[in-house]
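Summary of structural features
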Amino acid sequence: MNKLLYLPSKIKNPKAVIGFIVILYVLSLFSHLNRIPLSFEEPRRAEVSLEMMHSGNFVVPTLNETLYFNKPPLYNWLLTGLFYLTGSTAEWVVRLPTVLSLLLIAGILFLYCRKYCGWEVAALASAMWLSSADIYYYFSLYGEIDMFYSLLVFLQALSIFHFHQQRNWLMLFMVSYFLMAMGVLTKGLPSIAFQALTLLGVAIWQRKFKWLFSWQHIAGGLTGFGLVVLYFTAYASYEDPVPFLVRLFTESTDRTLSSKGFPNNLFHLFTFPLMLLKIALPWTLFLPVILHKETRQWLKGNPWLMFSLVFFIANVAIYWISPGTRERYLYMFYPFLLSVLAAGMANQSVAWRGYLKRLHVFFTIIMVLCIAGLMVVPFLPQNSDFPSLVFVLPIIAMGMVIVCLWFVNNTGMYTRLVMIMLFMILFRWLFNFTVVPYREMRSLERKPFKENSEIVKELTGDEPVYTLAHAETKLATLGIPFYGKIEREYVEVEWPDFELSYYLARSKGMIWTYRADILPDCYYLADEQLLPSYDVHVLHTFYVAKNDKNYILFKLKSTE
């Protein structure tokens, strides 16, 4: 890096300041991780893992003791391991893979950026990754599969770059295909596309294709696909793998252009770039500083930055033409994109100083507005039940004022960027003490599964509890080249609420089991609309506002 524009800073002990920021950041991630009850996909991931623990079968994923086809089991193995390791199945353990994957990506990104771009760019790229608004204020609070999957894809791409630099073809293919297999066993087919498109992109970039046709490539491919075949062979010893394989294929193809109507396709094509920019706010506001003719010069001279662009360009088109794409599906691109952005900010042209001054004014206004808004926070109705704000809010306000003054009075670009991140961390602490408790309160009101699971436990003791659900027999068709079609029937259940499955399993230490029939002297907990027409003895009722349902705990009335 030859034109760092980081002007003299007023930070006398940068290591101490950075250490303080790191500690404050990590604590902000963990401090309220256990507050919000599980929601969205979290309880489904947790419940499948809990059922593996109870059954001892780690090969066949189940949900309410019926076959579960939506995802392979690697993430559930990880989660089950964390349950065993921590001795807890609480919410914070379910969310631990997200936070640990986020931090691991940041650490690995720093090491590679430092090697090829210097520690300033490495620190900046890692900091921007950790504080991208969509990740920091939203996704880091949830135990979804996507951050762990992003880590696997990041490592998969990184292994291709690392061993390509060393010209070690055997390790390149063995390691990358191994990580591809881990990705397939986590989220299905997308990892195969990442492998193929990244290898092709690197070959085009380097204008060398011979290594793609080497025996090392064959060995790596056989290893990677062999691991996937090995898992499904083990699965076949328990259950028919055809419905599982068909579901994995349809899960990957249902989000493409061909599966959506024209209006959705067109809308996504235009909004996808905005989605990319939104995820990494506020850092994408600096994007114009790298749009200069000099950009190509320092890009071409840096293999890490060139590979970062190659990986993005080679793989992003699939998501651009897939209307089902969500923000969390794109996280694996940002360690690479932010490396380029950080390097561009370090090599910015003098012509962009005017734009940076306007950004300085913009961030100053945002900081002042946030500080002014703190005066209103204690008087908001939703915050009246949080007495801790009386003690926490003045500390956060004082910190924000100090950071804002430091930001305004400092001319060093690097120091200003540090102050922006520090301000974002303080805002996350405010978020933790206001938005997170409010979400917890609202979640308990709309989805009162946690407290009612304890009531069900008290009423049923150690007896099992069953559930009712709609079930439909479907046909799975798997087409095999040069062989033909294989068809299998399977039963698809319209699942009850996953949150209730998880919290019942936690409270009772046993699985909320699906049954298609009603047995005498057994407890059932089900949607009121599914109750049988004959007489039942109702033991407990509770209402779920989220889906406007009444859940009934009941037994068949005695016929004696």
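What this report covers is the structure whose coordinates are included nearby. (Residues numbered from 1 in each chain as written. Predicted model: local features only at pLDDT ≥ 70, side-chain atom pairs only at ≥ 80, totals over all residues. Heavy atoms only, no water.)

This part covers the overall build of the chain. When helices and strands are tallied, the chain shows 21 helices and nine strands. Against the globule reference of 24 Å for 560 residues, the chain gives a C-alpha radius of gyration of 26 Å, in line with a compact fold. Principal-axis analysis of the C-alpha atoms places the extent of the chain at approximately 90 × 70 × 45 Å. Evaluated residue by residue, the chain yields a buried proportion of 53% over its 560 residues. When contacts within the chain are restricted to residue pairs at least 6 apart in sequence, long-range pairs at least 24 apart make up 76% of them. Just so you have it, the chain exposes about 25700 Å², and 65% of that area is on carbon and sulfur atoms. (Helix = DSSP H or I, 4+ residues; strand = E, 2+ residues; numbered from the N terminus. Rg over C-alpha atoms; globule rule 2.2 N^0.38 Å. Buried < 20%, exposed > 50% of the residue type's maximum accessible area, 1.4 Å probe, protein only. Contact = heavy atoms within 4.5 Å. Areas by Shrake-Rupley, 256 points an atom, 1.4 Å probe, with all protein chains shown as cover.)

The next subject is the sheet that holds strand S9 (residues 549-556). The strand order across the open sheet formed by five strands is S6-S3-S7-S9-S8, and the pairing between neighbours is mixed. This sheet does not close on itself; its edge strands, each paired only once, are strand S6 (513-514) and strand S8 (536-544). Summarising the sheet, S8 and S9 pair through eight bridges and their orientation is antiparallel. Note on S9: the bridge partner recorded for Val536 is Leu556. In the packing of helix H20 (residues 449-460) onto the sheet, the strands contacted are strand S3 (465-467), strand S7 (523-527), S8 and S9, and the crossing angle to S8 comes to about 165 degrees. (Pairing = 2+ DSSP bridges. Axes fitted to C-alpha atoms, helices over the stretch in contact; angles between N-to-C directions.)

Further remarks concern the environment of Met147. Along the polypeptide, Met147 turns up in helix H8 (residues 146-166). The spacing of Met147 and Val376 is 229 residues in sequence and 35 Å in space, taken between C-alpha atoms. Among residues more than four places away in sequence, those in contact with Met147 are Thr98, Ser101, Leu102, Ile105, Trp129, Ile135, Phe139 and Tyr331.

What follows concerns the pairing of S7. Buried residues dominate S7, accounting for five of its five residues. Bridging between S3 and S7 involves two bridges; their strand directions are parallel. Bridging across to S7, Tyr466 finds its partner in Tyr524. Two strands pair when backbone bridges link them, and S7 and S9 are joined in this way by four bridges, in the antiparallel orientation.

Aromatic rings considered in pairs are described by the distance between their centres and by the relative angle of their planes. What the rule picks out here adds up to 42 aromatic pairs. Measuring from centroid to centroid gives 6.2 Å for Trp77 and Tyr231, while their planes differ by 70 degrees, and the two rings are edge-to-face. Of this pair, Trp77 sits in helix H3 (residues 74-86) while Tyr231 sits in helix H11 (residues 215-236), and the two are 154 residues apart along the sequence. Plain terms: the ring middles of Phe232 and Phe244 are 5.5 Å apart, the flat faces sit at 70 degrees to each other, and that makes the pair edge-to-face. Highlighted residues: Phe232 in helix H11 and Phe244 in helix H12 (residues 242-253), separated in sequence by twelve residues. (Phe/Tyr/Trp six-rings, centres within 6.5 Å; stacked < 30°, edge-to-face > 60°.)

For the rest of this paragraph, the subject is the environment of Gly399. With respect to the helices and strands, Gly399 occurs in helix H18 (residues 389-409). Here the alpha-carbon distance between Gly399 and Phe83, two residues 316 residues apart in the chain, equals 37 Å.

Note that Lys447 resides in the loop between helix H19 (413-446) and H20. According to the relative accessible area criterion, Lys447 is buried, its value standing at 11%. Contacts of Lys447, omitting those with residues within four sequence positions, involve Leu38, Ser39, Glu499, Val544 and Lys546.

This brings us to the pattern of salt bridges. Counted according to the given criterion, the structure contains 13 salt bridges. Between Arg35 and Glu440 there is a salt bridge, with its nearest N and O atoms 2.7 Å apart. Separated by 405 residues along the polypeptide, Arg35 in the loop between helix H1 (14-30) and helix H2 (42-55) and Glu440 in helix H19 bring together distant segments of the chain. The closest approach of N and O atoms between Asp134 and Lys278, which form a salt bridge, is 3.1 Å. Of this pair, Asp134 sits in helix H7 (residues 133-136) while Lys278 is found in helix H13 (residues 262-279), placing the two residues 144 residues apart along the sequence. Here Asp134 falls in the buried class, since its relative accessible area comes to 11%. Residues participating in the shared-partner salt-bridge network are Lys447, Asp497, Glu499 and Lys546. (Salt bridge = Lys/Arg side-chain N within 4 Å of Asp/Glu carboxyl O.)

The next subject is helix H6 (residues 119-131). Think of an α-helix as 3.6 residues a turn; residues three or four steps apart then line up on the same face. The terminal C-alpha atoms of H6 lie 18 Å apart, and with 13 residues this matches the ideal 18 Å at 1.5 Å per residue to within 8%. Counting buried positions over the 13 residues of H6 gives twelve, a clear majority of the element. Looking at H6, one finds that the buried residues are Glu120, Val121, Ala122, Ala123, Leu124, Ala125, Ser126, Ala127, Met128, Trp129, Leu130 and Ser131. (Expected span 1.5 Å × (residues − 1).)

Our focus in this paragraph is the packing of helix H9 (residues 169-187) against H11. At their nearest, the axes of H9 and H11 sit 8 Å apart, and the two run at 20 degrees to each other. If you check the angle between H9 and H11, you find them roughly parallel. The interaxial crossing formed by H9 with H11 has right-handed handedness. Between H9 and H11, the residues in contact are Trp169, Leu170, Phe173, Met174, Tyr177, Phe178, Met180, Ala181, Met182, Val184 and Leu185 and Trp215, Gln216, His217, Ala219, Gly220, Gly221, Thr223, Gly224, Phe225, Leu227, Val228 and Tyr231, respectively. A breakdown of the residues in the contact of H9 with H11 according to their chemical character gives 17 nonpolar, six polar and no charged. (Parallel < 35°, antiparallel > 145°, perpendicular 65-115°, else oblique. Left-handed = near helix turned anticlockwise from the far one by under 90°. Nonpolar A, V, L, I, M, F, W, Y, C, P; charged D, E, K, R; others polar.)

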